[in-house]
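These are the residues of each chain, in order.
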Amino acid sequence: QLSTDFYSLSCPSVELLVKSTVRSAVGSDPTLSGKLLRLLFHDCIVEGCDGSVLVQGNGTERSDPANKSLGGFEVVESAKRLLEVLCPGTVSCADILVMVARDAVEMAGGPSVLVPLGRRDGRVSSSSNVRPNMVDTSFSLGEMAQLFSSKGLSMDDLVILSGAHTIGSAHCSAFSERFQQGPKGDLVPVDSSLEKDYAMELVRQCPAGASTTVTVNNDPVTDALFDNQYYRNLLAGKGLFRSDSVLAGDSRTKAKVEAFSESQDGFFASWAESFVRLANISVKTGSEGEIRVSCMSVNDPGE
Ligand code: HEM
Ligand SMILES: [Ca+2]
Ligand SMILES: [Ca+2]
């Protein structure tokens, strides 16, 4: 029911307007590309791609600890404000988030992807829905594959979409399980899949007792570039999260990791397909849901 020309009559310049909003936001803060891409993932995995992650307030998805480090909300909201002037009540926040994430990837050097539109915004955003649907870095490959499969995504999609970690950054706590405090209080790697020099570099950037605001690049080589370096890192023992490293260590996923490490074109072509699958998870269409006035809150039922 989604289509690439969904707004061609009702809001013909939507793609252009969103793109220029993203361009100026990412231009002044390049760390936004990673934030925007992750925001879409966290939206789609809970209640489908319906903008539920964007709603502000007590008890919403956004208030859950698993979503504490999300960012980029203001980019979605500023595109929405612009669109409410030009095409009032027409473009959903769910669609804006998809376009914004797509454009963020393109602006970081990734492929441009044509995405079908027409999603409606959800009216439910509850923190209790987050944990049961969220992947965790401590998951085994089987557990991640199972969660993805419950969303209609395959093990190949898992390998491809994890390539998102070619950009962006992480807080020290996101990979602390890979280290243990040694006798002198220093951190020692407990995870043999982590290459030694990389492990030392991580300890240097995230020493024991580091501030909770410290972040580390997901991709130690090309942190700002959306490329296939992520897969080369995995093969070199430089996957930041345990959930990254397992992709290179398991026979079910290793061949894809190797193939993408050797072909950026291959990665980009697969990314375009998997991205659309991600963006299509449990979408609401037709008379389901609503078109929000502001992405930060569901509409007042009286309106
Ligand atoms: C499959 C299992 C996945 C796990 C366990 C995982 C976990 C994480 C964690 C722990 C962080 C660091 C957050 C922080 O400390 O600030 C992160 C960052 C990120 N993730 Fe994932 N992720 C997964 C899949 C994905 C997917 C499918 C996407 C998008 C398609 C994605 C996109 C990102 C991006 C772009 C960042 C960087 C965010 C930033 O720069 O602020 N991740 N991920
Ligand atoms: Ca959602
Ligand atoms: Ca990169």
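In the nomenclature of an unreviewed UniProt entry, the chain corresponds to Peroxidase from the organism Phoenix dactylifera. Here the chain is described in UniProt, under the heading Catalytic activity (unreviewed entry), as follows: "2 a phenolic donor + H2O2 = 2 a phenolic radical donor + 2 H2O". Under the UniProt heading Subcellular location (unreviewed entry), the note attached to the chain is "Secreted".

A.B. asks: How should I be thinking about the overall build of the chain in this particular structure?
C.D. replies: Of the regular secondary structure elements, the chain holds 11 helices and 4 strands. Scaling as 2.2 N^0.38, a compact globule of 303 residues should have a C-alpha radius of gyration of about 19 Å, and the chain matches this with 19 Å. Principal axes of the C-alpha set define a box for the chain whose edges measure 60 × 40 × 35 Å.

A.B. asks: Can you help me understand the site of ligand 1 in this one?
C.D. replies: By nearness alone, 25 residues border ligand 1, and Gly34, Ser69, Ala164, Gly168 and Ala170 come closest of all. At the level of elements, helix H2 (32-44), helix H6 (155-162) and strand S1 (169-171) are the ones that each hand at least two residues to the shell around ligand 1. Among the elements that take part in the shell around ligand 1, H2 stands out by supplying 5 residues, more than any other. In the shell around ligand 1, the residues fall into 11 nonpolar, 11 polar and 3 charged.

A.B. asks: In this structure, what is going on with the nonpolar core? I would like to understand it.
C.D. replies: Burial of nonpolar side chains together is a common tendency in soluble globular proteins. Core analysis: the largest hydrophobic core is formed by 70 residues, its most contacted members being Leu97, Val100, Ala101 and Ala104. Domain assignment of the residues forming this core places at least three in each of domain 1 (14-134) and domain 2 (141-276). Filtering out sequence-adjacent residues up to four positions away, Ala104 remains in contact with Val22, Val26, Leu32, Ser33, Leu36 and Leu37.

A.B. asks: Would you mind showing me how to read the domain arrangement of the chain here?
C.D. replies: Interfaces are often sized by the accessible area lost when the parts come together. What the domain assignment lists for the chain is domain 1 (14-134) and domain 2 (141-276). Between domain 1 and domain 2, the residue contacts involve 16 residues of the former and 15 residues of the latter. Elements with a contribution of two residues or more to the side of domain 1 that touches domain 2: H2 and helix H4 (93-107). Considering every element that reaches the side of domain 1 that touches domain 2, the biggest residue donor is H2, with 4 residues. The residue inventory of the side of domain 1 that touches domain 2, partitioned by class, reads 8 nonpolar, 6 polar and 2 charged.

A.B. asks: How should unusual backbone geometry be read in this particular structure?
C.D. replies: For residues that are not glycine, phi is negative in most cases, and the peptide bond is trans in most cases. Notably, Glu47 is not glycine yet its phi reads approximately 65 degrees, a positive angle. Mapped onto the elements, Glu47 comes out in the loop between H2 and helix H3 (73-86). The backbone of Ser282 sits at a positive phi, close to 40 degrees, despite the residue not being glycine.

A.B. asks: Could you clarify how one ought to interpret the UniProt feature "binding site: Ca(2+) 1" (unreviewed entry) in the chain in this entry?
C.D. replies: Per the UniProt record, "binding site: Ca(2+) 1" (unreviewed entry) is found at Asp43, Val46, Gly48, Asp50, Ser52 and Glu61. Taking the farthest pair of C-alpha atoms as the criterion, the annotated set spanning 19 residues converges on one region, since that pair is 12.5 Å apart. Here Asp43 shows up in helix H2. With near-sequence residues (within four places) excluded, Asp43 lies in contact with Cys49, Gly51, Ser52, Val53 and Leu97. Within the element layout of this structure, Val46 appears in the loop between H2 and H3. Setting aside anything within four residues of it in sequence, one finds Val46 in contact with Ser52, Val53, Glu61, Asn129, Val130 and Asn133.

A.B. asks: Looking at this model, I keep getting lost on the environment of Asp156. Mind explaining?
C.D. replies: Mapped onto the secondary structure, Asp156 falls in helix H6. Asp156 gets classed as partly exposed once you count the C-beta atoms within 10 Å, which come to 16. The spatial distance from the C-alpha of Asp156 to the C-alpha of Lys256 is 7.5 Å, given a sequence separation of 100 residues.

Calculation notes
Residues numbered from 1 in each chain as written. Chains lettered and ligands numbered in written order. Predicted model: local features only at pLDDT ≥ 70, side-chain atom pairs only at ≥ 80, totals over all residues. UniProt positions renumbered as here; feature names shortened; annotations may be inferred. Helix = DSSP H or I, 4+ residues; strand = E, 2+ residues; numbered from the N terminus. Rg over C-alpha atoms; globule rule 2.2 N^0.38 Å. Near = placed C-beta within 6 Å. Nonpolar A, V, L, I, M, F, W, Y, C, P; charged D, E, K, R; others polar. Core = buried A, V, L, I, M, F, W, Y, C linked by C-beta atoms within 7 Å. Buried ≥ 20, exposed ≤ 12 C-beta atoms within 10 Å, placed from the backbone. Domains from an automatic or database assignment. Contact = placed C-beta atoms within 7 Å.

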